[in-house]
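# An overview of the molecular structure
Letter by letter, the chains look like this.
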Amino acid sequence: MGSKWRKAKLALGMNMCLYVPHQKLEDSLPSSSSSASSTSIANVASRFSTDAVPLSPVSPSGNDCRPTTPTPSSSGFRVSKSSPKSSKRTCSICLTAMKPGQGHAIFTAECSHSFHFHCITSNVKHGNQICPVCRGKWKEIPFQSPASDLPNGRSRINPADWPRDDAWTTVVRRLPSPRLDPTRQISSLFHTSEPGTFDDDEVLDLQHETTEENVFANDATKNNSIGAIEVKTYPEVSAIPRATCHNNFAILIHLKAPHPSGGRSETMFSPTTQNSRAQVDLVTVLDVSGSMAGTKIALLKRAMGFVIQHLGPSDRLSVIAFSATARRLFPLRRMTETGRQEALQAVNSLTSNGGTNIAEGLRKAAKVIGDRKWKNPVGSIILLSDGQDTYTVTSPSGAHSRTDYRSLLPEGPCIPVHAFGFGADHDASSMHSISDISGGTFSFIEAEGVIQDAFAQCIGGLLSVVVQEACLKFQCTHPNLVINSIKAGSYRTSMAADAKTGSIDAGDLYAEEERDFLVTVNVPIDESCDEMSLLEVQCIYRDPISKEIVSLEEANEVKIQRPTIIGQTVVSMEVDRQRNRLRAAEAMAEARSAAEHGDLTAAVSLLESCRRALSETISAHAGDRLCIALCAELKEMQDRMANRRVYESSGRAYVLSGLSSHSWQRATARGDSTNSTSLVQAYQTPTMTDMVTRSQTMFFGNPPQRKLRQTQSFPAHPEAR
């Protein structure tokens, strides 16, 4: 038991405490008159090692309820700036003061580090004899009667729903009872019926828009925070002979969203600039079926704690838990100090049992979104499950062969569902379908320890939306030119009957996020001009902060030269690399189809053929990193289709997550991602990278290697060589 517990402890980083809004723990815990021979009230000087740094230290002033971003240390980890004076008086486990005479026994270990007695007994009750500060091994450990974990034999908060043997109890200390507004009604999470209509969402904070103090700040934000979207076009070649026609001539349309507020990604998450970004309504739909018991649910709680920490006071969160049925544990509430306390308590109350009813969880989330009275500019659903959906809903036609998930999604404007398949037994096909239908992404969390990083990457994007409802419109400018095809992945496209005009709905874009679309045209013979205009491209979108529709003043015109004779033509590197991306995505889709029909040999052959073809392109010969990564990804998929067992356990989910990433051109977490050439980071934006870094640097000690590494994203265009 001790060995298993130590492994779980290392995986969970259990020498840390989850950040909770600043409030003295002594105010909410029962006083204790118990004493032990091994206790001491002496505050012994201690130094923090990287193993013992608090996960998110509380601001010394007590006024800042946001987590403090750690700073780099020479060891490569990040440590807090807690002064030696404060560390001597603070329990390294619960992060609250150790004051003599406050009714709390203090345990001083043989290594001279001190802790609250009830904190350290919880930390070592499973057999751990290592100091959480210096990692020194103890010969003697504190012992507490199994009748209670608290002084005077009192039980934990929510004793029925917080199992004594749940590993999460050593990660999250008991939460202080929030000092709530007496006029606000907070119902029990488990013992009262849900309202028939979820119109009890908390009113949005509009104060910053109406107070005179912020008028000038808002004007400055409007002028400086979000610039215009960038549109560039690249023809396949710069010149075509006059007497030659060219069918399927490719034109690349490249979009890049503007920088975040202040031009730096980290400012998006600063409490002082919360109002300079689009606020979020987030509904989390969490699987708490029996298969989530133990480490999985502990990691899920920790990951949710990270999400709660990084939502601002104007963002709102709701929590849905599902197993055989679904329940709204937490209504749509603003993440103020009180809101975060309540949200943490709701997450902390999660217990695992029962089956897996994804459909009911989605239905409940759609109701939260649909019934809300108020709406933040950005709305999204996060769905996590580790099992097969054992409850289905039939399609309107009455067929029982497939769940009609579209009918379970919110009506009206599309609310993306970002789905996370957890482990080897989740229903990857269903979860990919849910995400794809809604415009969200599907991530495959193969290694349990990656869940927090995966959530961090997702909210790093959601908290940085700078463009909404982006639409590209283009038209042929030459009278004899026609559009042949529009290649935009999963984005909706349209083309007029005469093939003279077309459009792409590019949706929402995160700060500095990029999109690449290929439009092919049939270029006719034309001996009347030296230069031919092919297309005019315009972009229209909505600013999520001002709500205004923005239209770029000048259309982007695509032109090529039409000389009588030309030398050797040079294909645009930008166009070639995007062709490679599309070719790889098509091969993945075809291989997946073959694998689902039981022909793994054909699937592997398709991937190998594509890999060989990519290696012969000009991008590959130029050493393009995207091309190299695509080849590595195709090889990884081949390995995961080695046999039926491997494909069922991880291959299907890995391929579907890759398809989701490429079709939406958006980062997903997938597989173990340990290869430095992995394409996991290809679409990761600076704000996503920043949030993943925050997640990874809050993990100390000697845990297993983190799986979602921060690596350099692949640029949209190759560097000059």
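Residues numbered from 1 in each chain as written. Predicted model: local features only at pLDDT ≥ 70, side-chain atom pairs only at ≥ 80, totals over all residues. Heavy atoms only, no water.

In this section: the overall build of the chain. Scanning the chain from terminus to terminus reveals 16 helices and 20 strands. Out of the 721 residues in the chain, the part that is buried amounts to 55%. Residue pairs in contact within the chain that sit at least 24 positions apart in sequence constitute 76% of those at least 6 positions apart. Looking at the chain as shown, the accessible area adds up to about 29,800 Å², and 50% of this sits on carbon and sulfur atoms. (Helix = DSSP H or I, 4+ residues; strand = E, 2+ residues; numbered from the N terminus. Buried < 20%, exposed > 50% of the residue type's maximum accessible area, 1.4 Å probe, protein only. Contact = heavy atoms within 4.5 Å. Areas by Shrake-Rupley, 256 points an atom, 1.4 Å probe, with all protein chains shown as cover.)

With 51 residues, the main nonpolar core has Leu 317, Leu 384, Ile 451 and Phe 455 as its most contacted residues. No other element matches helix α6 (residues 295-310), which puts eight residues into this core. The contact partners of Leu 317, leaving out residues within four places of it in the chain, are Leu 282, Thr 284, Met 304, Ile 308, Leu 311, Phe 330, Pro 331, Leu 332, Arg 333, Met 335 and Ala 343. (Core = buried A, V, L, I, M, F, W, Y, C linked by side-chain atoms within 4.5 Å.)

Moving on: the pairing of strand β8 (residues 316-322). Buried residues dominate β8, accounting for seven of its seven residues. The alternating pattern of β8 places Arg 316, Ser 318, Ile 320 and Phe 322 and Leu 317, Val 319 and Ala 321 on opposite faces, both of which are buried. Bridge count between strand β7 (residues 280-287) and β8: seven bridges; the pairing is parallel. Across the sheet, Asp 287 pairs through a bridge with Phe 322, a residue of β8. With six bridges connecting them, β8 and strand β9 (residues 326-334) associate as antiparallel partners. Paired with Leu 317 across the strands is Arg 333, a residue of β9. Connecting β8 to the antiparallel partner β9 that follows it, the hairpin turn spans three residues. (Pairing = 2+ DSSP bridges.)

Positioned with a positive phi, Ala 499 is a non-glycine residue whose angle comes to about 60 degrees. Mapped onto the fold, Ala 499 is located in the loop between β15 (493-495) and β16 (501-510). Despite not being glycine, Glu 512 has its phi angle at roughly 65 degrees, a positive value. Mapped onto the elements, Glu 512 comes out in the loop between β16 and β17 (514-523). Under the relative-accessibility criterion, Glu 512 is labelled buried at 15%.

A word on the sheet that holds strand β12 (residues 442-445). As a general point, the strands of a sheet are linked pairwise by backbone hydrogen bonds and lie either parallel or antiparallel. Judged by pairing direction, the sheet is mixed, and its six strands sit side by side in the order β9-β8-β7-β10-β11-β12 without closing on themselves. Either end of the sheet is taken by a strand with one partner, and the two such strands are β9 and β12. Here the strands of the sheet are splayed against their neighbours by 15 degrees on average, with no regard to which way each runs. Against the sheet, α6 touches β7, β8, β10 (378-385) and β11 (417-422), its axis set at about 175 degrees to β7. (Axes fitted to C-alpha atoms, helices over the stretch in contact; angles between N-to-C directions.)

Okay, the packing of helix α10 (residues 451-462) against helix α16 (residues 686-697) next. Interhelical geometry of α10 versus α16 gives an angle of 145 degrees and a closest axis separation of 7 Å. With respect to the hand of their crossing, α10 and α16 are arranged in right-handed fashion. The residues of α16 that touch α10, namely those facing Gln 452, Asp 453, Ala 456, Gln 457, Ile 459, Gly 460 and Gly 461, are Thr 687, Met 688, Met 691, Val 692, Ser 695 and Gln 696. In terms of residue class, the contact of α10 with α16 is made up of five nonpolar, seven polar and one charged. (Left-handed = near helix turned anticlockwise from the far one by under 90°. Nonpolar A, V, L, I, M, F, W, Y, C, P; charged D, E, K, R; others polar.)

What follows is about the packing of aromatic side chains. Enumeration according to the criterion identifies three aromatic pairs in this entry. Ring plane angle 85 degrees and centroid distance 5.0 Å describe the contact between Tyr 491 and Trp 664, whose orientation is recorded as edge-to-face. In this pair, Tyr 491 sits in the loop between β14 (482-487) and β15 while Trp 664 sits in helix α15 (residues 644-664), placing the two residues 173 residues apart along the sequence. As far as the burial class goes, Tyr 491 and Trp 664 line up, both buried. Connected via pairs of aromatic rings, a cluster forms that spans Tyr 491, Phe 517 and Trp 664. Above the face of the Phe 198 ring, Arg 328 is positioned so that its terminal group lies 4.2 Å from the ring centre. The ring of Tyr 510 has Arg 666 lying over it, and the distance from NZ or CZ to the ring centre is 3.8 Å. (Phe/Tyr/Trp six-rings, centres within 6.5 Å; stacked < 30°, edge-to-face > 60°. Lys NZ or Arg CZ within 6 Å of the ring centre and 35° of its normal.)

A few words now on the sheet that holds β17. Sheet architecture is open: four strands sit in the order β5-β6-β17-β14, paired in antiparallel fashion. The open sheet has two edge strands with one neighbour each: β5 (230-235) and β14. Taken pair by pair, the neighbouring strands of this sheet meet at an average axis angle of 25 degrees, ignoring direction.

Mapped onto the elements, Ser 380 comes out in strand β10. For Ser 380, a relative accessible area of 0% gives the class buried. Residue contacts for Ser 380: discarding those within four places in its chain leaves Asp 281, Leu 282, Val 283, Ile 415, Pro 416, His 418 and Leu 462.

With that out of the way, let us pick up the environment of Pro 195. Considering the arrangement of structural elements, one finds Pro 195 in the loop between α3 (117-124) and α4 (207-210). Assessed through its relative accessible area of 34%, Pro 195 is described here as partly exposed. Remark: the alpha-carbon pair of Pro 195 and Arg 328, spanning 133 residues in sequence, is separated by 9.8 Å. When near neighbours in sequence (up to four residues on either side) are disregarded, Pro 195 contacts Asp 200 and Arg 328.

A few words now on the confidence of the model for the chain. Residues at a pLDDT of 70 or more form 66% of the chain, whose mean pLDDT is 75. Segment residues 699-721: pLDDT under 50, and 78 contacts once partners within four positions in sequence are set aside and those in other chains are kept. (pLDDT = per-residue confidence, 0-100.)

If you trace the backbone, Val 288 turns up in the loop between β7 and α6. Remark: the alpha-carbon pair of Val 288 and Gly 354, spanning 66 residues in sequence, is separated by 7.9 Å. Apart from the residues lying within four places of it in its own chain, the contact partners of Val 288 are Ile 297, Ala 321, Phe 322, Ser 323, Leu 350, Thr 351, Ser 352 and Asn 353.

Bringing the pattern of salt bridges into the picture now. A full pass over the atoms with the stated rule returns 30 salt bridges. For Arg 316, the salt bridge identified is with Asp 281, shortest N-O distance 2.8 Å. Of this pair, Arg 316 sits in strand β8 while Asp 281 sits in strand β7, and the two are 35 residues apart along the sequence. By the burial criterion, Arg 316 is buried, and Asp 281 matches it. (Salt bridge = Lys/Arg side-chain N within 4 Å of Asp/Glu carboxyl O.)

Our next topic: helix α8 (residues 358-371). Here α8 is 14 residues long and its end C-alpha atoms lie 20 Å apart, about the 20 Å a rise of 1.5 Å per residue gives. Across the 14 residues of α8, 10 count as buried, placing the element largely inside the fold. Residues of α8 that are buried include every one of Ile 358, Ala 359, Glu 360, Gly 361, Leu 362, Lys 364, Ala 365, Ala 366, Val 368 and Ile 369, and no others. Those residues of α8 that are buried lie in contact with β7, β8, β9, β10, β11 and α9 (428-438). (Expected span 1.5 Å × (residues − 1).)

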